[in-house]
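# Structural overview for review
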Amino acid sequence: MRPFAGRAAVAGVGMTALSRRSGRSERELAAAACRAACADAGIAPREVDALLSYHMNDSAPVVQVAKALGIERLGWHNDIAGGGTQAASILGDAALLIEAGLARHVLVYRALNGRSGRRMNAVSTGPQEEFTYGMAGPIPMFALAATRYLHDTGLTAEHLHAVVDQSRRNAAGNPRALRREPLTLDDYLARPYVCTPLRTADCCQETDGACALLVSGALGGPRVRAVVRGGGPGCSGMDRAPDVTAIFSAYVAPMLWEASGMKPRDVDALLPYDAYSWLVPRQLEDFGLAERGDLGAYLLERRHAWVNPHGGLLSEGYVHGLNNVAQAVRELRAGAGTALVTGFGGSYGSAAVLAW
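Below, the structure is looked at part by part. Keep in mind that what you see is a predicted model, and the values were worked out from it rather than measured.

Looking now at the overall build of the protein. Looking only at helices and strands, the protein has 12 helices and 11 strands in total. Computed over the C-alpha atoms, the radius of gyration of the protein is 19 Å, within 12% of the 21 Å expected from 2.2 N^0.38 for a compact globule of 356 residues. Counting all 356 residues of the protein, 58% fall into the buried class. A separation of at least 24 residues holds for 78% of the contacts in the protein among residues at least 6 apart in sequence. Carbon and sulfur atoms provide 49% of the accessible area of the protein, an area that totals close to 13,600 Å². Counting 35 positive and 34 negative side-chain charges, the protein places the averaged centre of each group 5 Å from the other.

If you want it as structure tokens, here you go:
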């Protein structure tokens, strides 16, 4: 067990409306979500003594957001460079500050104009070998890994449709969700490819919006029980990977169960980072929630209906995974005992367990 286990609680969550054109700056979005998280926790923003965020050069710095919130004496603060890998592990950063006595109330936020402003699905600025292999951006890279994964598992377009359609069904009752309409198999198959085997419906949305969490050592709420971060060679380093399908969960799942002292059967709510449809069965498999040989039936029989009950990044919207963490808190407040959330960045990422 990590020293910070159970010492910090997520006492408040806040989100702006999700849209394709917010008409607001990233700072305005961040401040609005942070105010909502503080109000949800029952404290004033000026009581916050630490502020954390993660970004990909597309957000508002924490000192600017602190100023907008009227926080005059800001203690520990950090702008963490990184994307989806941070979605779960930033809970660990906040919990460590509280466990170390460096903060009582930590605001965590992610804000971006991911549709109307800087868009992530752009030509890669990564290692030269990605260009050598024709991977000019994230989707071609993860599509290559998806092709191999479908081959290895025997999954087909019908199974990917089951993932996407179920996310739409889950989002149908979520007023925040941008995609709530049903998606038949024929409609899915008619969608154009972005990069085979991934169609437009298989990829998460590009969204404007912000999400914030108030993590506290003095207030009640679901506790941060375990957080892990790590990775290895896989789809983030295909030139050196023995298995290009190995995403972060192949590495962090054993770490999480060891750190938490829990087992897969203990998970009541699952909020995986679903940037692409094939990541859902891969994470179900890696975390021991479904067997590889049973994945096809598991998906077609919709046994994964409990996954991302709000629609996830595929259907609710994309706030770089932090909106999935916010939903985990809602699920726990509604009666779930334990929630598992993840952060994806190829073969590197993070996972966290929240519980009462």
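Back to the write-up after that little detour.
Bringing the environment of Leu-322 into the picture now. Relative to the assigned elements, Leu-322 resides in helix H12 (residues 322-333). Distance in space between the C-alpha atoms of Leu-322 and Asp-202 is 20 Å, their sequence separation being 120 residues. Setting aside chain neighbours within four positions, we find Leu-322 in contact with Tyr-54, Ala-87, Ile-90, Val-108, Tyr-109, Arg-110, Cys-211, Ala-212 and Leu-213.

With respect to the helices and strands, the residue Asp-58 is situated in the loop between strand E2 (50-55) and helix H2 (62-69). At a separation of 3.1 Å, a polar atom in the side chain of Asp-58 contacts the main-chain amide nitrogen of Met-56. Within the structure, the side chain of Asp-58 is placed 2.9 Å from the side chain of Arg-110, a separation counted as a polar contact.

A few words now on the packing of aromatic side chains. Aromatic ring pairs: the centre-centre distance and the angle between the two ring planes describe each pair. In total, this model carries 7 aromatic pairs according to the counting rule given. Joined through ring pairs, the aromatic side chains of Phe-142, Phe-248, Tyr-273, Tyr-276, Tyr-318 and Phe-344 make up one cluster.

What follows covers the pattern of salt bridges. Taken as a whole and assessed by the stated rule, the structure comprises 12 salt bridges. Asp-165 serves as the salt-bridge partner of Arg-169, at 2.7 Å between the closest nitrogen and oxygen. Taken as a pair, Arg-169 and Asp-165 lie in helix H6 (residues 157-171) at a separation of 4 residues, close to a single helical turn. According to the relative accessible area criterion, Arg-169 is exposed, its value standing at 53%. Of the residues examined, Asp-165 reaches a relative accessible area of 2% and is grouped as buried. One connected set of salt bridges, linked through shared partners, spans Asp-165, Arg-169 and Arg-302.

Turning next to the nonpolar core. Counting 97 residues, the largest nonpolar core has Leu-91, Val-106, Leu-213, Val-215, Tyr-276 and Trp-278 as its most contacted members. Among all residues touching Tyr-276, those that are not within four sequence positions of it are Pro-138, Ile-139, Phe-142, Leu-198, Asp-202, Cys-203 and Phe-344. Ranked by size, the runner-up nonpolar core spans 24 residues in total, among them Leu-29, Ala-30, Ala-31 and Ala-37.

The periodicity of an α-helix, 3.6 residues per turn, causes residues three or four positions apart to be oriented the same way. Under the 1.5 Å per step criterion, the end-to-end length of helix H3 (residues 86-99) is 19 Å for 14 residues, consistent within 8% with the ideal 20 Å. A large share of H3 lies buried, amounting to 11 of its 14 residues. Buried residues of H3: Gln-86, Ala-87, Ala-88, Ser-89, Ile-90, Leu-91, Gly-92, Ala-94, Ala-95, Leu-97 and Ile-98, and no others. Positive backbone phi, approximately 80°, marks Gly-101, located one or two places after H3.

Our next topic: unusual backbone geometry. Across the junction of Thr-196 and Pro-197, the peptide omega takes the value 5°, indicating a cis bond. Turning to its location among the elements, Pro-197 is positioned in the loop between strand E5 (193-195) and strand E6 (198-199). The backbone phi angle of Asn-57 is positive, close to 55°, even though this residue is not glycine. Turning to its location among the elements, Asn-57 is positioned in the loop between E2 and H2. Here Asn-57 falls in the exposed class, since its relative accessible area comes to 63%. For His-320, which is not a glycine, the phi torsion comes out positive at approximately 55°. The topology assignment puts His-320 in the loop between helix H11 (312-315) and H12. According to the relative accessible area criterion, His-320 is buried, its value standing at 2%.

Rules and cut-offs
Residues numbered from 1 in each chain as written. Predicted model: local features only at pLDDT ≥ 70, side-chain atom pairs only at ≥ 80, totals over all residues. Heavy atoms only, no water. Helix = DSSP H or I, 4+ residues; strand = E, 2+ residues; numbered from the N terminus. Rg over C-alpha atoms; globule rule 2.2 N^0.38 Å. Buried < 20%, exposed > 50% of the residue type's maximum accessible area, 1.4 Å probe, protein only. Contact = heavy atoms within 4.5 Å. Areas by Shrake-Rupley, 256 points an atom, 1.4 Å probe, with all protein chains shown as cover. Lys, Arg positive; Asp, Glu negative; His and termini not counted. Charge placed at Lys NZ, Arg CZ, Asp CG, Glu CD. Polar contact = N/O pair within 3.5 Å; in protein donor to acceptor, adjacent residues only side chain to side chain. Phe/Tyr/Trp six-rings, centres within 6.5 Å; stacked < 30°, edge-to-face > 60°. Salt bridge = Lys/Arg side-chain N within 4 Å of Asp/Glu carboxyl O. Core = buried A, V, L, I, M, F, W, Y, C linked by side-chain atoms within 4.5 Å. Expected span 1.5 Å × (residues − 1).

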